Amino acid sequence: MSKKVLVLPGDYIGPEIMTEAVKVLQAVSEKFELDIELEYGLLGGAALDECGVPLPDETLARARAVDAILLGAVGGPKWDKVERHLRPERGLLAIRSELQLFGNLRPAILYPQLAAASSLKPEIVSGLDILIVRELTGGIYFGEPRGIRTLENGEREGFNTYKYSESEVRRIAHLAFDLARKRDKRVCSVDKSNVLEATVLWREVMEEVGKDYPDIELSHIYVDNAAMQLVMQPKQFDVMVTGNMFGDILSDAAAMLTGSIGMLPSASLDQEGRGMYEPCHGSAPDIAGQGKANPLATILSVAMMLRYTLGSAEAAQTIEDSVSAVLDQGLRTPDIFSDGTTLVNTTQMGEAVLAAVLAA
Ligand code: IPM
Ligand code: MG
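Quick notes on the rules
Residues numbered from 1 in each chain as written. Chains lettered and ligands numbered in written order. Predicted model: local features only at pLDDT ≥ 70, side-chain atom pairs only at ≥ 80, totals over all residues. Heavy atoms only, no water. UniProt positions renumbered as here; feature names shortened; annotations may be inferred. Helix = DSSP H or I, 4+ residues; strand = E, 2+ residues; numbered from the N terminus. Contact = heavy atoms within 4.5 Å. Buried < 20%, exposed > 50% of the residue type's maximum accessible area, 1.4 Å probe, protein only. Pairing = 2+ DSSP bridges. Axes fitted to C-alpha atoms, helices over the stretch in contact; angles between N-to-C directions. Near = heavy atom within 4 Å. Polar contact = N/O pair within 3.5 Å; in protein donor to acceptor, adjacent residues only side chain to side chain. Areas by Shrake-Rupley, 256 points an atom, 1.4 Å probe, with all protein chains shown as cover. Salt bridge = Lys/Arg side-chain N within 4 Å of Asp/Glu carboxyl O. Parallel < 35°, antiparallel > 145°, perpendicular 65-115°, else oblique. Nonpolar A, V, L, I, M, F, W, Y, C, P; charged D, E, K, R; others polar. Phe/Tyr/Trp six-rings, centres within 6.5 Å; stacked < 30°, edge-to-face > 60°. Lys NZ or Arg CZ within 6 Å of the ring centre and 35° of its normal. Core = buried A, V, L, I, M, F, W, Y, C linked by side-chain atoms within 4.5 Å. Left-handed = near helix turned anticlockwise from the far one by under 90°.

The protein appears in an unreviewed UniProt entry as 3-isopropylmalate dehydrogenase from Candidatus Seongchinamella marina. Quoted straight from UniProt, the Pathway (unreviewed entry) entry for the protein says "Amino-acid biosynthesis; L-leucine biosynthesis; L-leucine from 3-methyl-2-oxobutanoate: step 3/4." As recorded by UniProt, the Subcellular location (unreviewed entry) comment attached to the protein reads in full: "Cytoplasm".

Put into structure tokens, the structure is as follows:
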């Protein structure tokens, strides 16, 4: 039976990087006879312009019906002035929440060829392989009440609610421990339990679930220290598990260790392993339409999709090896360029990966 993938290119650089990722997906699909059918839909600013809302019902209905979703990036200054509930990012948050994609996997792996592109010294980052497991459908991103209200004295006050239920923590804990089993068997849970009650409970539940995994070493760290350790001694980490907001922040920091956020893919999974796949970076309005965007994070997201949802580890590996091969060839988009390498544009990078896939 064919597998269906919904492609949501999104905004600004979204369509540019998606064009390259789709080429690569179609190539592996033919090569490995995967019988993948693509559908296209609108999300974010593109949907707002066309349908008046950032997540149209039709997109959501299709998203529910397919096996996997491939997303570019959403948002940008064009929609800065729209009402808060119509912002493109709201479409992204809504689709994550509606599909209960609670488990966000953000692997920060340093390709040895890019050691010079990292802002840290090569010896600090060489061999880096961290998996950030970010809770994606709870925490302060979704907590109610939220809003901006006017106080009695006439001053305005912004407020959000940071909360996690035991079951929300439990399911992300299980995901993190299960993933650690396939790696170096270490989980570091990131919280702020010296200040925030919500994360006192988070830590307790992590400990509880950890008892089911005696083979996994569990440690805890405060988020401020985690940020410091990430830039000081990042190789100490294997799996890091954390809440929505801390995960958002730490994954950007971890991305830079690998040379560029343009290299970082992600998977967002539900309880059944169905998922949405997207690069960790945003829609980069400043470089849109100039051929400067790095398509590799999206191409590597296709690899994650093949591995986690479409059941083809072989095709996934072929893509990952092909990315490594083009880096070996010295090809670099501007974000990962350094002396002695060859500067290429978005299309050239995509075509090079495609050629490597076809040659594999
Ligand atoms: C990410 C992004 C999103 C988030 C934005 C675009 C809403 O930064 O996926 O990390 O904060 O989750
Ligand atoms: Mg982010």
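On we go from here.
Let us look at the UniProt feature "site: Important for catalysis" (unreviewed entry) in the protein. What UniProt calls "site: Important for catalysis" (unreviewed entry) maps, in this numbering, to Tyr-141 and Lys-192. Mapped onto the secondary structure, Tyr-141 falls in the loop between strand 5 (129–135) and strand 6 (147–150). Excluding its chain neighbours within four sequence positions, the residues that come into contact with Tyr-141 are Leu-93, Arg-134, Arg-146, Asn-244, Met-245 and Asp-248. Structurally, Lys-192 is set in the loop between strand 8 (186–191) and helix 7 (197–210). Note on Lys-192: relative accessible area 17%, which makes it buried. Setting aside its immediate chain neighbours within four residues, Lys-192 contacts Thr-199, Tyr-222, Val-223, Asp-224 and Phe-246.

With mixed pairing, the ten strands of this open sheet are ordered in space as 2-1-3-12-11-4-5-10-8-9. Each edge of the open sheet is held by one strand with a lone partner, namely strand 2 (36–40) and strand 9 (217–222). The sheet shows a mean angle of 25° between the axes of neighbouring strands, taken without regard to direction. Summarising the sheet, strand 1 (residues 3–10) and strand 3 (residues 68–73) pair through five bridges and their orientation is parallel. Residue Val-7 lies in a different strand from strand 3, and its bridge partner there is Leu-70. Packing against the sheet, helix 4 (residues 88–98) makes contact with strand 1, strand 3, strand 4 (103–109), strand 5 and strand 12 (275–279), and its axis sits at approximately 150° to strand 12.

Close to ligand 1 lie Glu-89, Leu-92, Arg-96, Arg-106, Arg-134, Tyr-141 and Asp-248, which account for all nearby residues. Residue Arg-106 places a side-chain N or O atom 2.8 Å away from an oxygen atom belonging to ligand 1. Within the side chain of Arg-134, an N or O atom sits 2.8 Å from an oxygen atom of ligand 1. For ligand 1, whose free accessible area comes to 320 Å², the fraction covered by protein is 77%.

Inspection of every chain in the model, using the stated rule, returns 21 salt bridges. A salt bridge links Lys-23 to Glu-351; its shortest N-O distance comes to 2.7 Å. Separated by 328 residues along the polypeptide, Lys-23 in helix 1 (residues 13–31) and Glu-351 in helix 12 (residues 346–359) bring together distant segments of the chain. For the salt bridge of Asp-184 with Arg-186, the shortest nitrogen-to-oxygen distance reads 3.0 Å. A relative accessible area of 23% means that Arg-186 is categorised as partly exposed. Connected through salt bridges with shared partners, the residues Glu-20, Lys-23 and Glu-351 form a single ionic network.

What follows is about the packing of helix 1 against helix 12. At their nearest, the axes of helix 1 and helix 12 sit 9 Å apart, and the two run at 10° to each other. With respect to each other, helix 1 and helix 12 are oriented roughly parallel. When helix 1 is examined against helix 12, the residues Glu-16, Glu-20, Lys-23, Val-24, Ala-27, Val-28 and Lys-31 are found in contact with a partner set consisting of Thr-346, Thr-347, Gly-350, Glu-351, Val-353, Leu-354, Val-357 and Leu-358. Of the residues contributing to the contact of helix 1 with helix 12, the split by class is seven nonpolar, three polar and five charged.

This part is about the packing of aromatic side chains. Within this structure, the stated rule accounts for five aromatic pairs. Joined through ring pairs, the aromatic side chains of Tyr-162, Tyr-164, Trp-202 and Phe-246 make up one cluster. Lying across the ring of Phe-159, Arg-149 places its NZ or CZ 3.7 Å from the centre.

Let us now look at the side chain of Ser-189. Note that Ser-189 resides in strand 8. Residue class for Ser-189 comes out buried when judged on its relative accessible area of 0%. Among the polar contacts made by the side chain of Ser-189, one reaches the side chain of Trp-202 at a distance of 2.9 Å. When neighbours within four sequence positions are excluded, Ser-189 is seen to be in contact with Trp-202, Met-206, Leu-218, Ser-219, His-220, Ile-221 and Val-241.

Turning our attention to the nonpolar core. Ranked by size, the top nonpolar core spans 89 residues in total, and within it Val-133, Leu-296 and Leu-306 carry the most contacts. Core analysis: the second largest hydrophobic core is formed by 15 residues, Leu-60, Ile-95, Leu-101 and Met-276 among them.

Before going further, it helps to spend a moment on the packing of helix 10 (residues 296–308) against helix 11 (residues 313–328). The contact between helix 10 and helix 11 brings their axes to 7 Å, and the two run at 160°. If you check the angle between helix 10 and helix 11, you find them roughly antiparallel. Helix 10 and helix 11 meet at a crossing whose hand is left-handed. In this structure, helix 10 contributes Leu-296, Ile-299, Leu-300, Val-302, Ala-303, Leu-306 and Arg-307 to the contact, and helix 11 contributes Ala-313, Ala-315, Ala-316, Gln-317, Ile-319, Glu-320, Val-323 and Leu-327. Residues of the contact of helix 10 with helix 11, tallied by class, amount to twelve nonpolar, one polar and two charged.

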